[in-house]
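# Inside the fold
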Amino acid sequence: MSGSEGVTGSSGTAWSDRFEQGLHPVIERFNASIEFDIALLQQDLDGSVAHARMLGRCGLISKAESTQLIDGLEAVRREATAGDFKPGLEAEDVHFAVERRLIELLGPLGKKLHTGRSRNDQVGTDLRLWLRQHIDGIDVLLRRFQRALFRHAEAHLDTLIPGYTHLQRAQPLSLAHHLLAYVEMAERDRMRLVDVRHRVNLCPLGAAALAGTPLPIDRRQTAADLGFEGIYANSLDAVSDRDFTVEFSAAASLVMAHLSRLAEEVIFWASEEFAFIRLTDRCATGSSLMPQKKNPDVPELVRGKTGRVFGHLQGLLTMIKGLPLAYNKDFQEDKEALFDVVSTTEACLEAMAILFEEGLSFRPERLNTAVASDFSNATDVADYLVSREVPFREAYQLVGRLVKTCLQEGILLRDLPLPRWQELHPAFDDDIFAAIAPRQVVAARCSEGGTGFDQVRSQLQRWQPVLMSSQ
Ligand code: ARG
């Protein structure tokens, strides 16, 4: 008996009549993926529509049957949109759930849909269609994030910020230069995703279970119909390749690493010790106990969630490493990992974009005074001597001595009167004071890609049409 009402064999499961008993209820739950792979419903329907169309064109079913299958699949889509499609655990996964419902709606004709395909090539197709769409969404979010940074950069070409190495004051920077560094990182993130997308965008459909099919299907037709750039050349590879989930998660991990580095900076910039930014009420939270507090929860969560994404990358790699060809049920584990990588990355990108759009403002008065109260102009004193033909290493030693003296006396370089400079080296003149003023220190760094205002201005001009033209 193979009931015409569903994909149900004599055991009451979805399996063939070789099975006599139903699954243990605990194992049924353990085995099922419907609770999470229902997220692939639209893609499963799209893939099935393309498959049904191809079956009709290739003469494997009649044109009328093909049309009826497609109409039936669209009816399932409408039910889902109306909230009336709620498959339970017995459906096992989204692929069986759709097929079951189709058979309920169409009767025996519905049983023709699975001709020449397997859930193995089907799930690979669904997952790629789903990921492709999300890669495109992440690209839009990366652009929004870049734009949010760019707006601050544009406004703060002339604002100075201490530049650090080893988190020690190193040399002053234009704040725009600092922010544009993150715009560049996000651009590399975009390029990586563009590259990964080509490998996501290959169609495994028609590889069937693992070896292809004797039926005269046309793989290129379904691939083109679904907007894939090409098809897998090897049917075994087609059903067992999950490289694309790893590659994508690696690219997403770098997005998260970049967001997390920026998040870390925002957190300390917001501290009273730095006070380089003010958090607005839109993105900051209070303490339940300490009424004076305003906490940077958004960047903290971004920093925290980064670990999740890195963890999934490791999980996916480990899941794959021992698997023989071809399909293994282990692959079912790729979905929750991939879904979480995607939703976490999307949520963090959006939150960081909003944080920069309306959640913080820079404090130029604090930033500009910060750079005037340290020794981050010491290299410029050495450069000054170099321009007066003192060998760099000698100049470096002399300035080291100067800094030591100032530290002992509790003063800054600019507080030293000219005779004391000249005691150290006769090449010093009173233009030394202009040369070590922070603004001049920044302006002087005009090597290509440096923080000199002219350089940064040209970078702003380069980004302006890229980021703001469609705005
Ligand atoms: N739910 C399965 C998965 O996510 C679909 C493919 C099942 N294939 C099979 N031969 N059991 O991977």
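Throughout this document, residue positions are counted from 1 along each chain, in the order its sequence is written. Residues qualify for local features only when their pLDDT is at least 70, as the model is predicted, and side-chain atom pairs are given and counted only at 80 or more; totals for whole chains, interfaces and linings, by contrast, use all residues. The side-chain quantities take in all heavy atoms of the structure and omit both hydrogens and water.

## What to know about the packing of aromatic side chains
- Pairing of aromatic rings covers Phe, Tyr and the six-membered ring of Trp, with a centre-to-centre limit of 6.5 Å; geometry is then stacked below 30 degrees between planes, edge-to-face above 60, and tilted otherwise. The tally for this structure, following the rule as stated, stands at 10 aromatic pairs.
- The interplanar angle of 85° and the centroid separation of 6.1 Å between the aromatic rings of Trp421 and Phe433 together place this pair among those described as edge-to-face. Of this pair, Trp421 sits in helix α16 (residues 418-424) while Phe433 sits in helix α17 (residues 432-435); the two residues are 12 residues apart in sequence, bridging distant segments of the chain.
- A 1.4 Å probe rolled over the protein chains alone gives each residue an accessible area, and that area as a share of the maximum for its type sets the label: buried under 20%, exposed over 50%, partly exposed in between. Using a relative accessible area of 30% as the deciding quantity, one classes Phe433 as partly exposed.
- Ring-pair connections join several aromatic residues into one group, and the members of that group are Tyr164, Phe268, Phe274 and Phe276.
- Taking NZ or CZ as reference, Arg242 lies 4.3 Å from the ring centre of Phe331, over its face.
- Here, a charge over a ring is recorded when the distance from Lys NZ or Arg CZ to the ring centre is within 6 Å and its angle to the ring normal is within 35 degrees. The ring of Tyr384 is capped by Arg388, whose NZ or CZ atom sits 3.7 Å from the centre of that ring. Each helix is a run of DSSP H or I of at least 4 residues and each strand a run of E of at least 2, with the numbering of both proceeding from the N terminus.

## Digging into the pattern of salt bridges
- Should a side-chain nitrogen of Lys or Arg be within 4 Å of a carboxyl oxygen of Asp or Glu, the pair is scored as a salt bridge. One pass over the full model with this rule turns up 35 salt bridges.
- As a salt-bridge pair, Asp136 and Arg197 come within 2.8 Å of each other at their nearest N and O atoms. In this pair, Asp136 is assigned in helix α6 (residues 119-155) and Arg197 in helix α7 (residues 175-200), connecting sequence segments 61 residues apart.
- Judged by its relative accessible area of 36%, Asp136 is partly exposed.
- Here the salt bridges share partners, and the residues they tie into one network are Glu92, Asp93, Arg119 and Lys329.

## Some thoughts on the site of the ligand
- We call a residue near a molecule or strand as soon as one heavy atom of that residue lies within 4 Å of the molecule or strand. Around the ligand sit Ser33, Asp37, Asp93, His95, Arg119, Asn120, Val123, Tyr327, Gln332 and Lys335, and those are all the residues in its vicinity.
- We call two N or O atoms a polar contact when they sit within 3.5 Å, provided that within protein one can donate a hydrogen and the other can accept it, with sequence-adjacent residues counted only if both atoms are side-chain atoms. Asp93 places a polar side-chain atom, nitrogen or oxygen, 3.0 Å from a nitrogen atom of the ligand.
- In the model, a nitrogen atom of the ligand is placed 2.8 Å from a nitrogen or oxygen of the Gln332 side chain.
- Relative to its unbound accessible area of 340 Å², the ligand is 87% covered by the protein chains.
- Sort the elements by how many residues they give to the shell around the ligand and α6 lands first, with 3 residues. For the accessible areas, the method is Shrake-Rupley and the probe is 1.4 Å, while residue cover comes only from the protein chains on display.

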